[in-house]
Amino acid sequence: MKKVLKITSIAVLTGALAFVLAACGGGGSAASSAAAPAEGGKIVVAATPAPHADILRDAVAPILAEQGYELEVKEFTDYVLPNTATEEGEVDANFFQHDPYLNNFNEEQGTHLVSVLGVHVEPMSVYAGKTASLDDLPNGAHVAVPNDATNEGRALLLLQTAGLITLSDPENLEATPKDIKENPKNLQFVEVEAATVPTVLPDVDVAVINGNYAISANLDSNLALFTEGAESPYVNVIVVKEGNENNPAIQALVEATLSDSVREYINEKYNGEVVAVF
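Below: a short report on this structure. No experiment lies behind these values; they were computed from the predicted model shown.

Reading the values: the criteria
- Residues numbered from 1 in each chain as written.
- Predicted model: local features only at pLDDT ≥ 70, side-chain atom pairs only at ≥ 80, totals over all residues.
- Heavy atoms only, no water.
- Helix = DSSP H or I, 4+ residues; strand = E, 2+ residues; numbered from the N terminus.
- Buried < 20%, exposed > 50% of the residue type's maximum accessible area, 1.4 Å probe, protein only.
- Polar contact = N/O pair within 3.5 Å; in protein donor to acceptor, adjacent residues only side chain to side chain.
- Axes fitted to C-alpha atoms, helices over the stretch in contact; angles between N-to-C directions.
- Parallel < 35°, antiparallel > 145°, perpendicular 65-115°, else oblique.
- Left-handed = near helix turned anticlockwise from the far one by under 90°.
- Contact = heavy atoms within 4.5 Å.
- Nonpolar A, V, L, I, M, F, W, Y, C, P; charged D, E, K, R; others polar.
- Pairing = 2+ DSSP bridges.
- Right-handed = clockwise from strand over helix to strand, strands pointing away.
- Phe/Tyr/Trp six-rings, centres within 6.5 Å; stacked < 30°, edge-to-face > 60°.
- Core = buried A, V, L, I, M, F, W, Y, C linked by side-chain atoms within 4.5 Å.
- Arc of directions from axis to C-beta.

## A word on the side chain of Ser115
Inference 1: As for its position among the elements, Ser115 is in strand S5 (residues 113–121).
Inference 2: Residue Ser115 is classed as buried on the basis of its relative accessible area, which comes to 7%.
Inference 3: Looking at Ser115, its side chain comes within polar contact range of the side chain of Asp99, at 3.2 Å.

In structure tokens, the structure reads:
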């Protein structure tokens, strides 16, 4: 039985103009190492495959082409290298992460990445592995969760809302299993990289999976046991290096992404698995 978590706050449009790659990079000065793309030239964006790279290639690139810009999408399957590439100026922007992850990454890595636009929400869900329902979870059930700071906290908050655990701080976005105050089913947490959570699904009782990786694994969201609502604070953003927010090419990227045709593409292609917020 699918239940829907309604989260009251939603980050629709972030203040600074920065593409969504700021979650995994190294250090550097605020603007010195990021190469600003020339107006009417090529814009290089790092992105995870689905839905981010698809949205950029299928919906955003044709609009930019009409304005004289070539959009090159470089795909990454992790949450670190896209931010590193953005920080070091290897790409102009990235699109894969939400603001809580970006903020945590900047704090821990000393990077200077900023978001320029909130694009969509990918609701996180609990999927069945060996156990078909949350009510049937046995004592000591194994639960796979992402191992990065913000996504693990997000997963634990989702499990708390599902009534499976209680956190010492019920609003802690960076909670880990050490922050669990009550665990009546003695759940055992399997912490793995977010991208690999779907691959361990057959080996655990349930798994908490990010929306983009659920899509890549062809998981049917209608089969999720518990899921976030569309009104989530985890809006996926476009990220750039600080200092490049007002670059004409970045502004063109943002304006193209805000097009009605891009919103329609997201809502029609993903049928609620990805929800546009602009």
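The structure having been displayed, the exposition proceeds.
## With respect to the packing of helix H1 (residues 49–66) against helix H6 (residues 248–257)
Inference 1: Closest axis-to-axis distance for the H1/H6 pair is 9 Å, and the angle between their directions is 125 degrees. With respect to their mutual orientation, H1 and H6 come out oblique. Once H1 is placed against H6, the crossing between them reads as right-handed. Note on element contacts: H6 touches H1 through Ala252, Leu253, Ala256 and Thr257, opposite Val60, Ile63 and Leu64.
Inference 2: Among the residues making up the contact of H1 with H6, the classes are represented as 6 nonpolar, 1 polar and no charged.

## As for the sheet that holds strand S4 (residues 93–98)
Inference 1: Read across the sheet, 6 strands follow the order S3-S2-S4-S13-S5-S14 without closing on themselves; strand pairing throughout is mixed. Every interior strand has two partners, whereas the edge strands, strand S3 (70–75) and strand S14 (275–276), have only one.
Inference 2: Bridging between strand S2 (residues 42–47) and S4 involves 3 bridges; their strand directions are parallel. When the bridges of S4 are listed, Ala47 appears paired with Phe95.
Inference 3: Its contacts with the sheet put H1 on S2, S3, S4, S5 and strand S13 (235–241), and the angle it makes with S3 is roughly 170 degrees.

## Notes on the pairing of S2
Inference 1: Of all 6 residues in S2, 5 are buried; the element is thus mostly enclosed.
Inference 2: Where S2 lies against S3, 6 bridges are found, and the strand directions are parallel. Looking at S3, one finds that Val45 is bridged to Val73.
Inference 3: Taken together, S2, H1 and S3 constitute a β-α-β crossover, and its handedness is right-handed.

## Looking at H6
Inference 1: By the criterion of burial, H6 is predominantly enclosed, with 7 of the 10 residues buried.
Inference 2: Here H6 has its buried residues at Ala249, Ile250, Ala252, Leu253, Val254, Ala256 and Thr257.
Inference 3: You can read the cap of H6 off the contacts: a side-chain oxygen lies 2.9 Å from the backbone nitrogen of Ala249, and it is on Asn247.

## Remarks on the packing of aromatic side chains
Inference 1: Taken as a whole, this structure holds 6 aromatic pairs when the rule is applied.
Inference 2: Taking the centre distance of 5.6 Å and the plane angle of 35 degrees together, the rings of Tyr79 and Phe96 count as tilted. One end of the pair, Tyr79, is in the loop between S3 and helix H2 (81–87); the other, Phe96, is in strand S4, and 17 residues separate them in sequence. The residues Tyr79 and Phe96 share a single accessibility class, namely buried.
Inference 3: A connected cluster of aromatic rings, assembled from ring pairs, spans Tyr79, Phe96, Tyr101, Phe105 and Tyr213.

## Concerning the nonpolar core
Inference 1: In terms of nonpolar packing, the biggest core is built from 37 residues, with Val60, Leu64, Leu71 and Ile266 touching the most fellow members.
Inference 2: Ranked by residue count, the leading element in this core is H1, at 9 residues.
Inference 3: Sequence-distant contacts of Ile266, that is, excluding residues within four places in its chain, are made with Ile55, Val119, Asn271, Val274, Val275, Ala276 and Phe278.
Inference 4: By size, the runner-up hydrophobic cluster in this structure holds 25 residues, among which are Leu134, Leu137, Leu156 and Val208.

## Some points on helix H7 (residues 260–270)
The α-helix winds at 3.6 residues per turn, so residues separated by three or four positions along the chain end up facing the same way.
Inference 1: Among the residues of H7, those classed as buried are Val262, Tyr265, Ile266 and Tyr270. Looking down the long axis of H7, one finds its buried residues gathered within 95 degrees of arc, a one-sided arrangement.
Inference 2: Along its buried surface, H7 packs onto H1, S5, helix H5 (211–216), H6 and S14.
Inference 3: Of the residues flanking the end of H7, it is Asn271, one or two places downstream, whose phi is positive at about 50 degrees.

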